[in-house]
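Chain by chain, the residues:
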Amino acid sequence: MAVAPMVPAASLYVGDLQQDVTDGMLFDAFSEFKSLASVRICRDSATGRSLCYGYVNFISRQDAIRAIEVKNHSKVNGKVIRVMWSHRDSDARRSGIGNVFVKNLSDSIDSMKLQECFQKFGNILSCKVVTSQDGKSQGYGFVQFELEDSANTAIEKLNGSTLVGKQIYVGKFVRKSDRALPSHEAKYTNLYMKNVDADVSEEVLKEKFSEYGKILSLVISKDENGASRGFGFVNFENPDDAKCAMEALNGSQLGSKVLYVARAQKKSERKEMLRRQFEEKRKAQILKYQASNVYVKNIDDDITDEDLRKHFSQCGTITSAKIMRNDKGLSKGFGFVCFSTPDEANKAVNSFHGFILHRKPLFVAIAQRKEEREAQLKLQYAQPMAGFAGQSAVIPGGYSPLYYPLPGVVPQIPAGPGLMYQPLGIRPGWRDNGFADRFRPAVQQSAVPSIPNSPTPHRQSRGMSSNVHKGGGPPYALHLQQPIHSMASSKDMSTQQKGSPSVQPFLVAAGPGIEGSDMLSSLLAAASPEQQKQMLGERIYPLVSQHKPDLAAKITGMLLEMDNSELLLLLDSPESLAAKVEEAVEVLKLSKAKLSSQDSLYTNYISTGVAVN
């Protein structure tokens, strides 16, 4: 007949264990109790290190009660432990009900003596005097009563009483997160003093501070050799006396040094105060240099902080210049230059935006905080997305419709399923930079809404796939073969222009007689986002054709994914355009190689299937 296993009837919590105490050592410590069922030391799941507490399980509840009486405040491996009933309910443990805080304890008071002092007020679940690593009392502790009434009685009877020659404080325990910082009007009696001359003794300080009221205690902190560490504390009986002493003596001359006197603060309170001061100072710095800080990107890897400072110093006084680097010290390709005035920063943006420094054109704009930039990007992308409402989100061929030909200009070319273009291998210059250039409105997206009765442009893929152009030349080539002025004179186009007055200015503006980047910038400012991309594409396509005529359509489509401001830089810099074209060619080669490998795997798979069948 099988014997049912005996289920533990009581579980005890054992705390304050040494780091090196093992399950076996804990079992041996409680082995005198016959109904001991099991022990377990809790450990960190990641490192396996002891958390310095554990649980002891008993079959007999009576043995568990006796274990608390015998083992609580006993030593295991040279350290005093706490033994109490295990409370599985975490909410009850953290509620603070019945928990009492005691401070200003004498060094001779340990956990056992503290429990003896408080046990007459009710059943104590846990009692602890906090000690340092070497076992010395820190002067405060905690008493956990079973009932809240017992805790309130203990506070009422013992707060302000004398224990072993010292007046103790007894109050309700308040969690750290719930402790409010004292206001400037709060009453206090304890003062902190620093910058105390080494020759000034405690007697001299007592004589000095006692002029303002009765002093309960005064101490100068000293090192191991008994020499003054230059700071100390003085405690007054009356809060008003403490305040008068602080106001009178702070900044006064004592010996060869100027004395600093202030209200004594807890470490947590001082950290919070310093954190707030730092935050306020940081906000003030941000407001001060908000319009004076310049963001610079597309920086050549060879440029140092000093090079950046020297180059931008032509525009004014620089307070700081820094290129951002990774953990290995390599340049991230962007940085910041802070000027003394906003006018100097504006001058730098106007002077050096697009300037080629060490083979690369710089992108220069007024720096924005992360929150401002995110809000601007949301607004920037919300406008074009609003025009897509109610329309199909599926784009033939899988490409973003960044280029829109006008109605009647190019017959719609059906785009077959093609390879999705993923610009992962391209440098960040391909993508939108996320910074709006406040000083080049020509490249901003137009805020003018489209005319409701204007015909909707036909969308088509930009020819990024190898099979989009079956049966004809590239879309850009077809588009450029037809003179714009002849299209404007056609009957169909005339009809469309009557329905959409905004088309005619665009056709004239996009004509081939326009010269100069300034004129182009002005035209872009008056155009919609779709028209901006088309105008830039018509300018870039002939230039790309000079380098790679066979791939001009694909490469132009890839370049149009860049920000308009960067496209203007490419138009002004033949060297930069040539470099971008070469990068695009490399990306196309990689895409073609990946596609070929996929087709090869698919062909092998089909061949294998046929052979098996």
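Every value quoted in this text rests on a predicted model; they were computed, and no experiment measured them.

Asks: Where do I start with the overall build of the protein in this structure?
Replies: In terms of helices and strands, the protein carries 20 helices and 24 strands. Here the protein holds 613 residues, and 37% of them are scored as buried. The contacts of the protein with a sequence gap of at least 6 include a subset with a gap of at least 24, amounting to 66%. Working note: accessible area of the protein is about 35,900 Å², and carbon and sulfur atoms make up 53% of it.

Asks: I'm lost on the sheet that holds strand β12 (residues 169-172) in this one. Help?
Replies: Hydrogen bonds between backbone groups are what pair the strands of a sheet, and the pairing can be parallel or antiparallel. Read from one edge to the other, the open sheet built from four strands follows the order β8-β9-β7-β12, with strand pairing classed as antiparallel. The sheet is open, and its two edges are formed by β8 (124-131) and β12, each paired on a single side. On average, adjacent strands in this sheet sit at an angle of 20° to one another, irrespective of strand direction. Relative to β12, strand β7 (residues 99-103) is paired through four bridges, and the arrangement is antiparallel. Bridging across to β12, Lys103 finds its partner in Tyr169. Where helix α4 (residues 111-118) meets the sheet, its contacts fall on β7, β8, β9 (137-145) and β12, and the angle it forms with β8 comes to roughly 135°. Most of the contacts of helix α5 (residues 148-158) go to β12, to which it runs at about 150°, and overall it touches β7, β9 and β12.

Asks: Explanation requested: the pairing of strand β21 (residues 331-339) in the structure shown.
Replies: A regular strand places its side chains on the two faces of the sheet in alternate fashion. In this structure, strand β19 (residues 293-297) lies alongside β21, joined through five bridges in antiparallel fashion. Looking at β21, one finds that Val296 is bridged to Gly335. Bridge count between strand β20 (residues 318-325) and β21: six bridges; the pairing is antiparallel. Its bridge partner being in β21, Ile318 is matched across the sheet by Phe339. Linking two consecutive strands that pair antiparallel, namely β20 and β21, is a turn of five residues; a positive phi of about 85° is found at Gly329 within it.

Asks: Would you take a moment to explain the side chain of His73 for this structure?
Replies: With respect to the helices and strands, the residue His73 is situated in the loop between α2 (61-71) and β4 (75-76). Here Asn72 takes part through its side chain, which lies 3.3 Å from a polar atom of the side chain of His73. Those residues in contact with His73, other than ones at most four positions away along the chain, are Val80, Ile81, Ser111, Met112, Gln115 and Cys127.

Asks: Whenever I open this one, unusual backbone geometry confuses me. Can you help?
Replies: The bulk of non-glycine residues show a negative phi, and the bulk of peptide bonds are trans. The backbone of Asp16 sits at a positive phi, close to 65°, despite the residue not being glycine. With respect to the secondary-structure elements, Asp16 resides in the loop between β1 (10-15) and α1 (23-29). Positive phi is not limited to glycine here, since Val164 has a value of about 55°. Relative to the helices and strands, Val164 is located in the loop between β10 (162-163) and β11 (166-167). Look at Val164 and you get partly exposed, because its relative accessible area is 49%.

Asks: Looking at this structure, I do not really get the pattern of salt bridges. What am I missing?
Replies: Between side chains of opposite charge, a pair can form as their charged atoms come close. All chains considered together, the criterion is met by 13 salt bridges. The salt bridge partner of Glu237 is Lys214, with a shortest N-O separation of 3.9 Å. In this pair, Glu237 sits in the loop between β15 (228-236) and α7 (239-249) while Lys214 sits in the loop between α6 (202-209) and β14 (215-222), placing the two residues 23 residues apart along the sequence. Judged by its relative accessible area of 52%, Lys214 falls in the exposed class. Linked through salt bridges whose partners overlap, the residues forming this network are Asp16, Arg82 and Lys128.

Conventions and cut-offs
- Residues numbered from 1 in each chain as written.
- Predicted model: local features only at pLDDT ≥ 70, side-chain atom pairs only at ≥ 80, totals over all residues.
- Heavy atoms only, no water.
- Helix = DSSP H or I, 4+ residues; strand = E, 2+ residues; numbered from the N terminus.
- Buried < 20%, exposed > 50% of the residue type's maximum accessible area, 1.4 Å probe, protein only.
- Contact = heavy atoms within 4.5 Å.
- Areas by Shrake-Rupley, 256 points an atom, 1.4 Å probe, with all protein chains shown as cover.
- Pairing = 2+ DSSP bridges.
- Axes fitted to C-alpha atoms, helices over the stretch in contact; angles between N-to-C directions.
- Polar contact = N/O pair within 3.5 Å; in protein donor to acceptor, adjacent residues only side chain to side chain.
- Salt bridge = Lys/Arg side-chain N within 4 Å of Asp/Glu carboxyl O.

Read these as geometric descriptors, not functional statements.
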